[in-house]
Amino acid sequence: MAKPTKAQQEAALARLEKFSHFTDSSIGIPFTKFQIGAEAIIGLVPVVGDAAGLVLGSYVLVEAQRAGASKGVKLRMLRNMGIDFLGGLLPVVGDAFDAIFKANTRNTKLLKNYLEKQLEVEPPPPPFPWWTLIWLTVLFAVVTGGLTLIL
C-alpha cells in the first residue's frame, strides 16, 4: 500500500477530529463547562453500549492504519480503547468514566502528534546550483580575459 500524501493525512485528521468531537464532547451539560459525547450516551446501555463504543472507537484505529501510523501508536490506541471499554463496564461509575476518559479524542491526538512528527522530518537540502557556478565561471573568465587584453 502506498504511503498516504500529506493532503490525505490532513483530510483523515479533519474527519477524525469531527468524529472525536461527536463521540466525546458534542453535548454540553447545562450550567457547566463539561461536555459529553454520543459514546457516553450510548454507553448508558449496559454492556451493549460499551461494546458499541468499542466498535465506534475502532474507526480511529482504521484511519490510523490508512494514514500509515506506526505499530507503537496503534498499540497505544488499542490500550486507550481497552481502558475505555473496561472502565465503561463498571456499574454506575463506568458511565462517568466513559464521559471523562474520551478515548477517541486521545487516539486522534496520538495520530495527529505522530503525523506532525513525520512531517517535521528535515527536507532534503536544495540541489547544488551548478548553473550559477557555470555562469560565474564564464563571467570571471570574460572579465579576466578582458582585463588581460586591456593591460
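Each chain carries its own residue numbering, running from 1 in the written order of its sequence. The predicted origin of the model limits local features to residues at a pLDDT of at least 70 and limits the giving and counting of side-chain atom pairs to 80 or more, whereas totals for whole chains, interfaces and linings rest on all residues. Side-chain metrics in this entry use all non-hydrogen atoms of the structure; hydrogen atoms and water are not considered.

### Comments concerning the packing of helix H1 (residues 6–25) against helix H6 (residues 103–119)
Item 1. Note on geometry: axes are lines fitted to C-alpha atoms, helical ones only across the stretch in contact, with angles between N-to-C directions running from 0 to 180 degrees. Here a helix means four or more residues in a row that DSSP labels H or I, a strand means two or more in a row labelled E, and each is numbered from the N terminus. Their axes nearest at 9 Å, the elements H1 and H6 cross at an angle of 160°. As the angle between them shows, H1 and H6 are arranged roughly antiparallel. Pair H1 / H6 crosses with left-handed handedness. Touching Lys6, Gln9, Leu13, Leu16, Glu17, Phe19, Ser20, Thr23 and Asp24 of H1 are Ala103, Asn104, Thr105, Thr108, Leu111, Lys112, Leu115 and Leu119, all from H6.
Item 2. Class assignment of the residues belonging to the contact of H1 with H6 gives a composition of seven nonpolar, six polar and four charged. Any angle that falls under 35 degrees is termed roughly parallel, while one over 145 is termed roughly antiparallel, one within 65 to 115 roughly perpendicular, and all others oblique. Rotating anticlockwise by less than a right angle from the far helix to the near helix defines a left-handed crossing, while the corresponding clockwise rotation defines a right-handed one. Throughout, a contact is declared for two residues whenever any of their heavy atoms are within 4.5 Å. Side-chain classes are defined by residue name, with Ala, Val, Leu, Ile, Met, Phe, Trp, Tyr, Cys and Pro counting as nonpolar, Asp, Glu, Lys and Arg as charged, and the others, Gly among them, as polar.

### Things to note about the pattern of salt bridges
Item 1. Each salt bridge in this description consists of a side-chain nitrogen of Lys or Arg and a carboxyl oxygen of Asp or Glu lying within 4 Å of one another. What the rule picks out here adds up to three salt bridges.
Item 2. A salt bridge links Arg15 to Glu63; the nearest nitrogen and oxygen atoms lie 3.0 Å apart. Of this pair, Arg15 sits in helix H1 while Glu63 sits in helix H3 (residues 48–67), placing them 48 residues apart in sequence.
Item 3. Residue exposure (1.4 Å probe, protein chains only): buried if accessible area is under 20% of the type maximum, exposed if over 50%, otherwise partly exposed. Judged by its relative accessible area of 39%, Arg15 falls in the partly exposed class.
Item 4. What you see here is one network of salt bridges that share partners, running through Arg15, Glu63 and Arg66.

### Section: the side chain of Gln9
Item 1. Mapped onto the secondary structure, Gln9 falls in helix H1.
Item 2. Ignoring any residue separated from it by four or fewer positions in sequence, one finds Gln9 in contact with Pro4, Ala67, Leu115 and Leu119.

### Notes on a positive patch on the surface
Item 1. Patches in this entry comprise residues that are over 30% relatively accessible and not in a salt bridge; like charges within 9 Å are linked, as are nonpolar side chains (Val, Leu, Ile, Met, Phe, Trp, Tyr) within 5 Å. Surface accessibility in these figures is a Shrake-Rupley result with a 1.4 Å probe; residues are shielded only by whichever protein chains are displayed. Positive charges come from Lys and Arg alone, negative charges from Asp and Glu alone, with His and the N- and C-terminal ends not counted. Where a charge sits is defined by one atom per residue type, namely NZ (Lys), CZ (Arg), CG (Asp) or CD (Glu). Positive charge collects at one region of the surface, where Arg76, Arg79, Arg106, Lys109 and Lys117 lie side by side.
Item 2. Sorting the residues of the positive patch by element identifies helix H4 (71–89) and H6 as the ones contributing at least two each.
Item 3. Per element, the largest residue contribution to the positive patch is three residues, and it comes from H6.
Item 4. Tracing the backbone shows Arg76 in helix H4.
Item 5. Exposure remark for Arg76: the relative accessible area of 37% places this residue in the partly exposed category.

### Overview of the confidence of the model for the chain
Item 1. What pLDDT conveys is the predictor's confidence in a given residue, as a value from 0 to 100. Looking at the chain, pLDDT values average 86 and 95% of them are 70 or higher.
Item 2. Taken element by element, the predicted model of the chain shows its lowest mean pLDDT in helix H7 (residues 130–150) (82) and its highest in H4 (93).

### Overview of H6
Item 1. What a helix should span is 1.5 Å times the count of its residues minus one. The terminal C-alpha atoms of H6, which comprises 17 residues, lie 24 Å apart, in line with the 24 Å expected from a rise of 1.5 Å per residue.
Item 2. Restricting attention to buried positions, one finds in H6 the residues Ala103, Asn104, Asn107, Thr108, Leu111, Tyr114 and Leu115. Considered in projection along H6, the buried side chains sweep an arc of 135° and stay on one side of the axis. Exposed residues pointing more than 90 degrees away from the buried face of H6 are listed as Lys109 and Lys117.
Item 3. If you follow the buried residues of H6, they end up packed against H1, helix H2 (38–42), H3, H4 and helix H5 (93–101). Starting at the helix axis, one direction is taken to each C-beta atom, and the arc is that of these directions.

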